[in-house]
Amino acid sequence: MFTLPTIDTVGTGRRITELRKKAGLSVKDLQIMLGFATPNAIYKWQNGAAMPTLDNLIVLAAIFDVPIDDIIVVDKMNMQLGA
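Keep in mind that this is a model prediction, so the values were computed, not measured.

The rules behind these values
- Residues numbered from 1 in each chain as written.
- Predicted model: local features only at pLDDT ≥ 70, side-chain atom pairs only at ≥ 80, totals over all residues.
- Heavy atoms only, no water.
- Helix = DSSP H or I, 4+ residues; strand = E, 2+ residues; numbered from the N terminus.
- Buried < 20%, exposed > 50% of the residue type's maximum accessible area, 1.4 Å probe, protein only.
- Arc of directions from axis to C-beta.
- Contact = heavy atoms within 4.5 Å.
- Phe/Tyr/Trp six-rings, centres within 6.5 Å; stacked < 30°, edge-to-face > 60°.

1. What to know about the overall build of the protein chain
Part 1: Counting its secondary structure elements, the protein chain contains four helices and two strands.
Part 2: Counting from the amino terminus, the protein chain carries its helices and strands in the arrangement β-α-α-α-α-β.
Part 3: When its C-alpha atoms are laid out on the principal axes, the protein chain stretches across 50 × 25 × 20 Å.
Part 4: When the 83 residues of the protein chain are sorted by exposure, 31% land in the buried category.

See the structure below:
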């Protein structure tokens, strides 16, 4: 038996929302900083419907001044491999 980490997309979305608010930024501010035409992707991230790409996670980490590990919420579940 081993522990397999998985990304909690809803928890990660909540974390992005918390970090955005803590930084005093609006969704529109993030949209502009990331160079997006619309805020749709950011709303999807915050709702847990999608995850930011790796390059966007790097930019978010820089904007929020935190490591990527502080943005991503990881769940661990036990898995058993059959022989």
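Next comes the rest of the write-up.
2. With respect to helix H2 (residues 27-34)
Part 1: Of the positions making up H2, those classed as buried are Val27, Leu30, Gln31 and Leu34. In an axial view of H2, the angular spread of the buried residues amounts to 105°, which keeps them on one side of the axis.
Part 2: Contacts from the buried residues of H2 go to helix H1 (9-22), helix H3 (40-47) and helix H4 (54-64).
Part 3: Looking one or two residues past H2, Gly35 carries a phi angle of roughly 75°, positive in sign.

3. Description of the packing of aromatic side chains
Part 1: Per the stated rule, a full pass over the model turns up one aromatic pair.
Part 2: Their ring planes at 75° and their centres at 5.8 Å tell us that Phe36 and Trp45 sit as a pair that is edge-to-face.

4. Some words on unusual backbone geometry
Part 1: Here Asp65, not a glycine, exhibits a phi torsion of approximately 55°, which is positive.
Part 2: Mapped onto the fold, Asp65 is located in the loop between H4 and strand S2 (74-79).

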